[in-house]
Amino acid sequence: MRSPVAAVLALTVVVLADVSAQAQGRRFGEQNAVRNGWLFSLDAGKQQAQKTGKPLMVVLRCVP
């Protein structure tokens, strides 16, 4: 009885981890970020903030 429960639990963890990784790849891809207006240069962001008069939001992230 213990072996089937452990197998189902392990399979569930693997499936959920795979779905999570796929969602992050789609949501946080650089192509999507550029398409949505995100800038990757601090200087370009500062220039755009000055030009539009809007505040600058800076996100620091570690890209593997």
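Criteria and cut-off values
Residues numbered from 1 in each chain as written. Predicted model: local features only at pLDDT ≥ 70, side-chain atom pairs only at ≥ 80, totals over all residues. Heavy atoms only, no water. Helix = DSSP H or I, 4+ residues; strand = E, 2+ residues; numbered from the N terminus. Buried < 20%, exposed > 50% of the residue type's maximum accessible area, 1.4 Å probe, protein only. pLDDT = per-residue confidence, 0-100. Patch = residues over 30% accessible without salt bridge, like charges linked within 9 Å, V, L, I, M, F, W, Y side chains within 5 Å. Areas by Shrake-Rupley, 256 points an atom, 1.4 Å probe, with all protein chains shown as cover. Salt bridge = Lys/Arg side-chain N within 4 Å of Asp/Glu carboxyl O. Contact = heavy atoms within 4.5 Å.

Chemist: Residue-level account of the overall build of the protein, with values.
Modeler: Tallying secondary structure elements over the protein gives three helices and zero strands in all. Starting at the N terminus and walking to the C terminus, you meet the elements of the protein as α-α-α. Across the 64 residues in the protein, those meeting the buried criterion constitute 5%.

Chemist: So what's going on with the confidence of the model for the protein? Residues and values would help.
Modeler: Mean pLDDT over the protein works out to 75, with 66% of the residues at or above the 70 mark. Taken element by element, the predicted model of the protein shows its lowest mean pLDDT in helix α1 (residues 2-27) (63) and its highest in helix α3 (residues 42-52) (92).

Chemist: Could you give an account of a nonpolar patch on the surface, naming the residues involved and the relevant values?
Modeler: Side chains of L42, L56, V58 and L60 sit close together on the surface and give an oily, nonpolar patch of about 420 Å² of accessible area. Mapped onto the elements of the fold, L42 is located in helix α3. The partly exposed category is assigned to L42, whose relative accessible area is 45%.

Chemist: Pulling in residues and values, what's your account of the environment of A49?
Modeler: Its place among the elements puts A49 in helix α3. In this structure, A49 is in contact with K54 and L56, ignoring residues within four places of it in sequence.

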